[in-house]
Amino acid sequence: MNFTEITKKSFNTVADYILGNLQAGEEANVNLHAEESVFIRFNGNKVRQNTTVEQRTLSLLLQKDGKTASFSFSITGDETEDKKRADQWLAEARKECALLPEDPYQVPLKNNGVSDSTFKGALLSEESVVAAITAPAAGVDLAGLYCAGPLISANKNSKGQSHWFATENFFMDYSLYLGEKAVKSVYAGTHWNQKEFEANLAQSKNQLSLMDRPKKTLAPGAYRTYLAPGAVAEMASMFSWGALSFSAYKQGNSALQKLADKEKSLSSLFSVRENFAMGLTHRFNGLGELAPETLNVIQKGQLQSFMTSTRSAKEYSVEANGADGGEYPRAMEILPGSLKEQDILKELGTGLYLSNLHYLNWSDRMNARITGMTRYACFWVENGEIVAPIADLRFDESLYDCLGENLLAVTDFQAVDPMVSTYESRAFGGKKVPGMLIKDFKFTL
């Protein structure tokens, strides 16, 4: 059996063992996050580090007498050892429940159904990875991280609920350097296509050649600006920082408070939805609740839905919509518009072409104002022609302006921005976003 098959057998065994050993008055929810990953780090277009990670982490939530205790521990695939660990942590959870106060917003567990999805990818063999990446990058200074392998999430609870999601995917998150100048890109998916990777790399090489021109320093001010999908993805990440959380809204901390209260509006060109049909992550959340396959969040500039967890639903007497406890988008898609790729520079005319942004943060949360820096391949454009790379700029801009009346056009194509986080474990999810043409994007330094 392969890793996925072994893990499914192990999870079912230990989860059923825990649920079968609950005492009267106890309910339990069991989650699994597992991966078998290859990590190869490149520097100077050579392998700098390589390793493999195999891990299966079980999260146990025990409810008893209105109290909730949670623990996480690793399972090994050895049935005897895993049952021993389950006994230990179930006993610890019982001890903690005895000490805790009652949880007034505890969500009673229920059966949210059964799902079982396994997606097999076409990944590079470990023997072929290095040549597939370094050969087409010959002659350039490539640095980056390749990561690939099976990634699994599963859930069971004491009410009979059962969910399983397994996929095989990869990402190559890389930069090309020319001295202190660099361009950045990512190639990701479930089926490695060498021609697609080489096309991605060729586009980065072309941008790098443009970076070799003398740098242009711009004065602070407002400029007509094109945000490529990579830059839009960074900006869209701010929606996960409490902006779309219903709990944050009720507590007065949502950056989109004024949008929800109809004091502000966004452009009719701007629409956001949760779209699990993209296949970037599973629909079930940590409690095994199924989110709708698609959920309109912002439609033509008007807020339609916050991310609402069952816990918030109970606290504020509203309907939940399958959001996880953190109430952030897990499968965000910004819908495309009509601006064609070949028309971007012409429509930009004279202004800034920004490939990437970074160091974003709220500078005035209540007015949805964000600050951040330009990064990597960012250019000054005159009369529809790229003239020069720019010296780094800091922007400070309200979403109500750049995604409001100043949003001129949205591209008719989108790019997937996958989650490349590997802290503690590989992450599911990502975003699908277009590019955007904006007038009077404000730079302060």
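Keep in mind that this is a model prediction, so the values were computed, not measured.

Q: Whenever I open this one, the overall build of the protein chain confuses me. Can you help?
A: A count of helices and strands for the protein chain gives ten helices and 18 strands. At 24 Å, the protein chain has a C-alpha radius of gyration in line with the 22 Å of a compact globule built from 445 residues. When the backbone C-alpha atoms are referred to their principal axes, the protein chain occupies close to 75 × 55 × 35 Å. Residues counted as buried form 50% of the 445 residues belonging to the protein chain. Partitioning the contacts of the protein chain with sequence separation of at least 6, the portion at a separation of at least 24 is 72%. A total accessible area of about 19800 Å² is found for the protein chain, and carbon and sulfur atoms account for 46% of it. Of the charged side chains in the protein chain, 46 are positive and 53 negative, and the gap between their average positions amounts to 2 Å.

Q: When you look at the pattern of salt bridges in this model, what are you seeing that I'm missing?
A: Here the structure, examined in full by the defined rule, presents 20 salt bridges. Note that Glu-26 is salt-bridged to Arg-94, the shortest N-O span being 2.7 Å. Residue Glu-26 is located in strand β1 (residues 26-43), and its partner Arg-94 is located in helix α2 (residues 79-99); the two are separated by 68 residues in the primary sequence. Among the salt bridges present, the one from Asp-396 reaches Arg-369, with a minimum N-O distance of 3.1 Å. Of this pair, Asp-396 sits in strand β16 (residues 394-398) while Arg-369 is found in strand β14 (residues 369-382), placing the two residues 27 residues apart along the sequence. Arg-369 gets classed as partly exposed once you look at its relative accessible area, which sits at 24%. Shared partners join several salt bridges into a network, and the residues in it are Glu-26, Lys-64 and Arg-94.

Q: Looking at this structure, I do not really get unusual backbone geometry. What am I missing?
A: Apart from glycine, the bulk of residues carry a negative phi angle, and the bulk of peptide bonds sit in the trans form. Backbone geometry places Lys-262, a non-glycine residue, at a positive phi of 65°. With respect to the helices and strands, the residue Lys-262 is situated in the loop between α7 (257-260) and β9 (272-275).

Q: Just checking my understanding: could you explain the environment of Pro-434 for this structure?
A: Summarising the element assignment, Pro-434 is placed in strand β18 (residues 430-443). Linking Pro-434 and Arg-311, residues 123 residues apart in sequence, is a C-alpha distance of 33 Å. In this view, Pro-434 contacts Pro-229, Val-232, Ile-334, Leu-335, Pro-336, Val-410, Thr-411, Phe-413 and Gln-414; residues no more than four positions away in its chain are not counted.

Q: Could you clarify how one ought to interpret the domain arrangement of the protein chain in this entry?
A: By a widely used convention, the size of an interface equals the accessible area lost when the partners come together. What the domain assignment lists for the protein chain is domain 1 (3-206) and domain 2 (213-443). The straight-line distance from the C-alpha centre of domain 1 to that of domain 2 is 26 Å. Tallying the contact residues gives 42 residues for domain 1 and 27 residues for domain 2. When domain 1 packs against domain 2, close to 2700 Å² is buried across both sides, 61% of that on carbon and sulfur atoms.

Q: Looking at this model, I keep getting lost on the packing of helix α1 (residues 3-20) against α2. Mind explaining?
A: Working note: a packed helix pair is described by the angle between its axes plus the distance between those axes. With their axes 10 Å apart at the nearest point, α1 and α2 run at an angle of 35° to one another. Every pair of crossing elements has a handedness; the one defined by α1 and α2 is right-handed. Taking contact as the criterion, the partners of Thr-13, Val-14, Tyr-17 and Ile-18 in α1 are, on α2, Glu-79, Asp-82, Lys-83, Ala-86, Asp-87 and Leu-90. Partitioned by chemical class, the residues of the contact of α1 with α2 number five nonpolar, one polar and four charged.

Q: How do you make sense of α2 when you look at a structure like this?
A: The periodicity of an α-helix, 3.6 residues per turn, causes residues three or four places apart in sequence to face the same way. In a regular helix each residue adds 1.5 Å, so 21 residues correspond to 30 Å; α2 covers 31 Å between its end C-alpha atoms and thus fits that length. All buried positions along α2 are accounted for by Asp-82, Ala-86, Leu-90, Ala-93 and Cys-97. One side of α2 carries all its buried residues, which in axial view fall inside an arc of 70°. Among the exposed residues of α2, those oriented more than 90 degrees off its buried face are Thr-80, Lys-84, Lys-95, Ala-98 and Leu-99. Those residues of α2 hidden inside the fold are in contact with α1, β2 (46-64) and β3 (67-74). Measuring from the side-chain oxygen of the N-cap residue of α2 to the backbone nitrogen of Thr-80 gives 3.3 Å; that N-cap residue is Asp-78.

Q: Help me understand the UniProt feature "domain: Metalloprotease TldD/E C-terminal" (unreviewed entry) in the protein chain in this model?
A: In the numbering adopted here, UniProt assigns the feature "domain: Metalloprotease TldD/E C-terminal" (unreviewed entry) to residues 220-444. Helix makes up 16% of residues 220-444 and strand 39%, with an end-to-end C-alpha separation of 5 Å.

Q: Please explain the pairing of strand β8 (residues 221-227) as it appears in this structure.
A: The two faces of a sheet get side chains in turn, since along a regular strand they alternate between them. Alignment of β8 against β18, held across six bridges, turns out to be antiparallel. From the neighbouring strand, Tyr-226 faces β18, where its bridge partner is Leu-437. Sheet topology places β8 next to strand β13 (residues 351-364); three bridges connect them, and they run parallel. Considered in β13, the bridge of Tyr-226 is made with Tyr-353.

Q: Which parts of the structure should I look at to understand the nonpolar core?
A: One finds Phe-239, Phe-270 and Ile-298 to be the most contacted residues of the largest nonpolar core, which totals 52 residues. Apart from the residues lying within four places of it in its own chain, the contact partners of Phe-270 are Phe-239, Ile-298, Gln-299, Lys-300, Gly-301, Ile-334, Leu-403, Leu-407 and Met-436. Counting residues in hydrophobic clusters, the runner-up holds 35 residues, among them Phe-42, Ala-137, Phe-170 and Leu-437.

What counts and what doesn't
Residues numbered from 1 in each chain as written. Predicted model: local features only at pLDDT ≥ 70, side-chain atom pairs only at ≥ 80, totals over all residues. Heavy atoms only, no water. Helix = DSSP H or I, 4+ residues; strand = E, 2+ residues; numbered from the N terminus. Rg over C-alpha atoms; globule rule 2.2 N^0.38 Å. Buried < 20%, exposed > 50% of the residue type's maximum accessible area, 1.4 Å probe, protein only. Contact = heavy atoms within 4.5 Å. Areas by Shrake-Rupley, 256 points an atom, 1.4 Å probe, with all protein chains shown as cover. Lys, Arg positive; Asp, Glu negative; His and termini not counted. Charge placed at Lys NZ, Arg CZ, Asp CG, Glu CD. Salt bridge = Lys/Arg side-chain N within 4 Å of Asp/Glu carboxyl O. Domains from an automatic or database assignment. Buried area = accessible area lost by both parts, 1.4 Å probe. Axes fitted to C-alpha atoms, helices over the stretch in contact; angles between N-to-C directions. Left-handed = near helix turned anticlockwise from the far one by under 90°. Nonpolar A, V, L, I, M, F, W, Y, C, P; charged D, E, K, R; others polar. Expected span 1.5 Å × (residues − 1). Arc of directions from axis to C-beta. Polar contact = N/O pair within 3.5 Å; in protein donor to acceptor, adjacent residues only side chain to side chain. UniProt positions renumbered as here; feature names shortened; annotations may be inferred. Pairing = 2+ DSSP bridges. Core = buried A, V, L, I, M, F, W, Y, C linked by side-chain atoms within 4.5 Å.

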